[in-house]
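Per-entry structural report
Single-letter residue listing:
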Amino acid sequence: MGKLRFVQKLGFVLFVILIGCKSQQENVPHTHTHVSDHSHSHYPEQDSIMAHKLMFPSQVPDRVIANLTADPAHSMAVNWRTDQQVETGYVEIALATDGPEFLLKDVRRVEAKSEIFQNQNRKEPLVKAVYHSVIVNDLQPKTTYVYRVGNGKEGNDGWSEWFQYTTASATSGDPFSFIYFGDAQNNVKSLWSRVIRNSYRKFPAVNFMLHAGDLINDRDANLEWGEWFYAGSFIHATVPSVMTPGNHEYRDGVLTPLWKPQFTLPENGPIEELKETCFAIDYQDMKLISIDSEGYDESLEARSAQIKWLDSVLQSNTKKWITIFTHYPVYSTKEGRDNWELREGIKPLIDKYGVDLVLQGHDHTYARGYPDNEGKGLTLLDDAGTVYAVSISGPKMYESADQDWMVRRGEYTQLFQIITVTKDTIKYEAYTPIGNLYDAFDLIKKDGKKQLVNRVPDSPIRLKKDFVGEDK
């Protein structure tokens, strides 16, 4: 009987405790509120900008990008952005190791050139930032480094993550590859991102990426540049880029003020106004040349200077392969888009010095061929000249027309091109974002002779009318 009373008392005590707990719980105010109950924002000054994270900088580095220098075997260029609370910036760099032991050794620190900068696009609010740029010299060829960028303080706050970066080889004959993109330009975050990301996924060992102009649509729109950097994300910091400006990086003949703060490109062009837009790079066995075709189009001085400079660069060239990249096509893909002034000025030099590739954008379609094709599209060409390519990586699409110089053309197709260079061969392949091969050829150069082998896949030409109804 005593035991029963004890159990009853214990049960009563537990009941009282439970009731008390429930009462206390009901009296505690809730800390979580339904989203619709909020009447204010933590960032009221940015409420009107849905994608403000893409536009405005913070104390943590963003828009980190590596660029090729004129000597990519022994140096690298890095740029990034912070808000104006960070007045100075640094790169820390070391030889990459299997684990974090590089932190125990000599980590080299290089101070950046830091520029207080602000700009306001006509459709956007004022954006204030500091842009930081560094050229790191005295690197070893064909070597993988780790680097990070930041404010120089102890710890990890105010720093980027550690990135890996591999320098070019200094040994003739070593193979390398690069990815070539036509215009990204529109809906960059939404629709171009999968192109650059899947190109990297398919070819993760690529040595650099090349952009043939019109990276964005409105030259100084911070939102659009934010989308471009977002789309490439860590790829921009790990795989060096090289770019030539398009007409959309210009307005009224003036280059975007964001070009030079955002990128560090070679300054070996012909005149001051063309620094970092017209330049030459020796990458292993290839001479890589950017022609600023919008500058060429807008200024007679820039046109004359680039023609004379190109002649000089090609005349003194010692590299086996020559690639020119420019925005406006020397051979366009449709009537009404012809750039005869550019062709008249530089094609004689292309022919004289035996340029191998000319990589272009602007026409928002795909075409690849050579003037001597004459509509034949032969599988094998023993006396090959220069191969011209026009490509598009973004979603803005135009139409093209069959022309004799074309071996392969296409419309309404986003593409990237992987170009692999070995001792005697350039292997060119154009892929869609889902990995379908759309065009291919090999260019073989031995004993002063150049042979072209077309490897066009057995698939139909993609035309816009097959996907979009005819305009009425």
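**Some words on helix H3 (residues 188–202)**
Between its terminal C-alpha atoms H3 stretches 20 Å, which fits the 21 Å expected from 15 residues at 1.5 Å a residue. In this structure, the buried residues of H3 make contact with strand S9 (176–181), strand S10 (208–211), helix H4 (222–232), helix H5 (234–238) and strand S22 (416–421).

**What to know about the environment of Asp402**
Considering the arrangement of structural elements, one finds Asp402 in the loop between strand S20 (387–390) and strand S21 (406–410). Expressed as a C-alpha distance, the spacing of Asp402 and Gly375, which sit 27 residues apart in the sequence, is 8.9 Å. At a separation of 3.0 Å, a polar atom in the side chain of Asp402 contacts the side chain of Arg409.

**With respect to empty space enclosed by the protein**
Gaps left between atoms show up when a probe the size of a water molecule is rolled over them. This structure, assessed with the given rule, holds one cavity of 30 Å³ or more. Reported here for the largest cavity is a volume of approximately 50 Å³. Along the walls of the largest cavity sit Ser293, Tyr296, Asp297, Tyr328, Asn339, Glu341 and Leu342, which together make up its complete lining. At the level of elements, helix H7 (293–298) and helix H9 (340–352) are the ones that each hand at least two residues to the lining of the largest cavity. Ranked by the residues each element gives to the lining of the largest cavity, the list is headed by H7, at three residues. Among the residues making up the lining of the largest cavity, the classes are represented as three nonpolar, two polar and two charged.

Rules behind the numbers
Residues numbered from 1 in each chain as written. Predicted model: local features only at pLDDT ≥ 70, side-chain atom pairs only at ≥ 80, totals over all residues. Heavy atoms only, no water. Helix = DSSP H or I, 4+ residues; strand = E, 2+ residues; numbered from the N terminus. Expected span 1.5 Å × (residues − 1). Contact = heavy atoms within 4.5 Å. Polar contact = N/O pair within 3.5 Å; in protein donor to acceptor, adjacent residues only side chain to side chain. 1 Å grid on protein atoms, 1.4 Å probe; cavity = no way out; pocket = protein on both sides within 12 Å on 5 of 7 lines; lining within 4 Å. Points joined across faces, edges and corners; volume = space filled by probe spheres on them. Nonpolar A, V, L, I, M, F, W, Y, C, P; charged D, E, K, R; others polar.

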